[in-house]
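Listed here are the chains, written in short residue letters.
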Amino acid sequence: INLFGFQLLLTHFMHAIKITWEWSRDTVSFLDTQIINIEGKIETDLFIKPMDKHLYLTYNSCHPRSCKDCIPFAKALRRRRICSTLERFERRSKEVTQFLMARGYDRNMVMTQIQRAKEIAARDTALMIIRKEYHLFYPIILGCRILQKS
């Protein structure tokens, strides 16, 4: 059985799942990364599925401001980490700026966060770990007795 036959076989047995395949000698997409072969030189770009609606948290939501303010930086940092050239990063940054502005984010705040991510060397973004530790305490109930009034 060849690859095309395997695709037909899967489609035949799995009616509820739509299986799509793309073939290319120049690009391959895996998770959120697109790997591109340009005349023997490998470059990477952000891969966004065509059905992605970019429905980021709206800025006027009731979430804490700190939660909303970190989204532009996180999006920009992800683009900085994935895009292998500054030109690709800038193009993807313009796109995300438009998406965030459509969700109510201030253009200046978004641009500031993008600039902040741009100043980080691409190789250093892989080493960055942004983490805050939270200590959660859960009560342990060993037994329970219900008291009734008589």
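Residues numbered from 1 in each chain as written. Predicted model: local features only at pLDDT ≥ 70, side-chain atom pairs only at ≥ 80, totals over all residues. Heavy atoms only, no water.

Turning next to the environment of Thr 33. Counting through the fold element by element, Thr 33 comes out in strand S2 (residues 33–38). For Thr 33 and Phe 47, which are 14 residues apart along the polypeptide, the C-alpha to C-alpha distance reads 4.8 Å. One polar contact links Thr 33 to Asp 32, side chain to side chain, over a distance of 3.3 Å. (Helix = DSSP H or I, 4+ residues; strand = E, 2+ residues; numbered from the N terminus. Polar contact = N/O pair within 3.5 Å; in protein donor to acceptor, adjacent residues only side chain to side chain.)

This brings us to the sheet that holds strand S3 (residues 41–46). Spatially, 3 strands are ordered S1-S2-S3 in an open sheet, and the strand pairing comes out antiparallel. Because the sheet does not close on itself, it has two edges, and the strands there are strand S1 (27–30) and S3. Each strand axis lies, on average, 20° off the axis of its neighbour in the sheet, ignoring direction. Alignment of S2 against S3, held across 6 bridges, turns out to be antiparallel. Residue pairing for S3: Gln 34 is matched across the bridge by Asp 45. In the packing of helix H2 (residues 65–82) onto the sheet, contacts are made with S2 and S3, and the angle to S3 comes to roughly 165°. On top of the sheet, helix H3 (residues 86–102) reaches S2 and S3; it is set at about 15° to S3, its chief contact. (Pairing = 2+ DSSP bridges. Axes fitted to C-alpha atoms, helices over the stretch in contact; angles between N-to-C directions. Contact = heavy atoms within 4.5 Å.)

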